[in-house]
Amino acid sequence: MPSPSVVLATGSYDHTLRFWEATSGSCYRTIQNPDSQINRIEITADKRLIAAAGNPHIRVYDVNSNNPQPLSTYEGHTGNVTALGFYKDSKLMYSGSEDGTVKLWDLRTKNFQQEYESRAAVNSVIVHPNEEE
């Protein structure tokens, strides 16, 4: 199948990440997440990577590859990961979890750089528009 012009991506409680050709409604790629539902997905600004947040890890896949294996897995949360995003330069990722933490991940080293403790489960995280690394 040629590369679709408009892509929709979905992450589901059935443990799947799916890519859809939006104008036709055809699913052209499915990735099975082996051990968790997918709570949240996010695509990098350069459109190369997609992250899938589960319980309790994050997996990052190549958007343009047919390889069903993740490029990397990020571990450090102890509960459902419910919030996810990338800095504009796609070098850093941030996540929030029901474990009450927010983590800032360096995609180059695959480790979290910073951890913030919340007093409750984290449902949403956003970076202010004047973000700086």
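In what follows, the structure referred to is the one given above.
Residues numbered from 1 in each chain as written. Predicted model: local features only at pLDDT ≥ 70, side-chain atom pairs only at ≥ 80, totals over all residues. Heavy atoms only, no water.

Colleague: Can you break down the nonpolar core residue by residue, with the values?
Modeller: Leu49, Ala51, Ala53, Ile58, Val60, Tyr74, Val81, Leu84, Phe86, Met93, Trp105 and Leu107 together form the largest nonpolar core, which totals 12 residues. Mapped onto this core, the elements with two or more residues apiece are strand 5 (49–53), strand 6 (58–62) and strand 8 (81–86). Excluding its chain neighbours within four sequence positions, the residues that come into contact with Ala51 are Arg40, Ile41, Glu42, Ile58, Arg59, Val60, Leu84, Phe86 and Met93. Within the second largest apolar cluster, 8 residues are counted, among which are Leu17, Phe19, Ile38 and Ala52. (Core = buried A, V, L, I, M, F, W, Y, C linked by side-chain atoms within 4.5 Å. Buried < 20%, exposed > 50% of the residue type's maximum accessible area, 1.4 Å probe, protein only. Helix = DSSP H or I, 4+ residues; strand = E, 2+ residues; numbered from the N terminus. Contact = heavy atoms within 4.5 Å.)

Colleague: Just give me the short version of the sheet that holds strand 9 (residues 92–97), but keep the residues and values in it.
Modeller: As summarised here, the arrangement of the 4 strands in space is 8-9-10-11, forming an open sheet in which the pairing is antiparallel. Single-partner strands in this sheet number two, and they are strand 8 and strand 11 (111–117). Taken pair by pair, the neighbouring strands of this sheet meet at an average axis angle of 20 degrees, ignoring direction. Across 6 bridges, strand 10 (residues 101–106) lies against strand 11 in antiparallel orientation. The partner of Asp106 across the bridge, within strand 11, is Asn111. (Pairing = 2+ DSSP bridges. Axes fitted to C-alpha atoms, helices over the stretch in contact; angles between N-to-C directions.)

Colleague: Summarise the pairing of strand 4 (residues 40–43); cite the residues concerned and give the values.
Modeller: Relative to strand 5, strand 4 is paired through 4 bridges, and the arrangement is antiparallel. Each bridged residue has a counterpart across the sheet, and for Glu42 the counterpart in strand 5 is Ala51. Here strand 4 folds back onto strand 5, and the loop between the two strands holds 5 residues, one of which, Lys47, carries a positive phi near 65 degrees.

Colleague: Tell me about the sheet that holds strand 6, and please be specific about residues and values.
Modeller: Pairing is antiparallel across the open sheet formed by 4 strands, whose spatial order is 4-5-6-7. Taken across any chain shown, the strands that pair with only one partner, and hence form the sheet edges, are strand 4 and strand 7 (72–74). The average angle at which neighbouring strand axes cross in this sheet is 20 degrees, direction not considered. Strand direction decides the pairing type here: strand 6 and strand 7, joined by 3 bridges, are antiparallel. Across the sheet, Arg59 pairs through a bridge with Thr73, a residue of strand 7.

Colleague: Report on the packing of aromatic side chains, specifying residues and quantitative values.
Modeller: One pass over the full model with this rule turns up 4 aromatic pairs. Ring centres of Phe19 and Tyr28 lie 6.3 Å apart, and the angle between their planes is 45 degrees; on these two criteria the pair is classed as tilted. Of the residues examined, Phe19 reaches a relative accessible area of 1% and is grouped as buried. A relative accessible area of 30% places Tyr28 in the partly exposed class. With 5.5 Å between their ring centres and 70 degrees between their planes, Tyr74 and Trp105 make a pair best called edge-to-face. Residue Tyr74 is located in strand 7, and its partner Trp105 is located in strand 10; the two are separated by 31 residues in the primary sequence. Of the two residues, Tyr74 and Trp105, both sit in the buried class. Grouped by ring-pair contacts, the aromatic residues Tyr74, Trp105 and Phe112 constitute a single cluster. The lysine or arginine in question, Lys103, covers the ring of Phe112, its NZ or CZ lying 4.2 Å from the ring centre. (Phe/Tyr/Trp six-rings, centres within 6.5 Å; stacked < 30°, edge-to-face > 60°. Lys NZ or Arg CZ within 6 Å of the ring centre and 35° of its normal.)

Coordinates in, geometry out; function isn't part of it.
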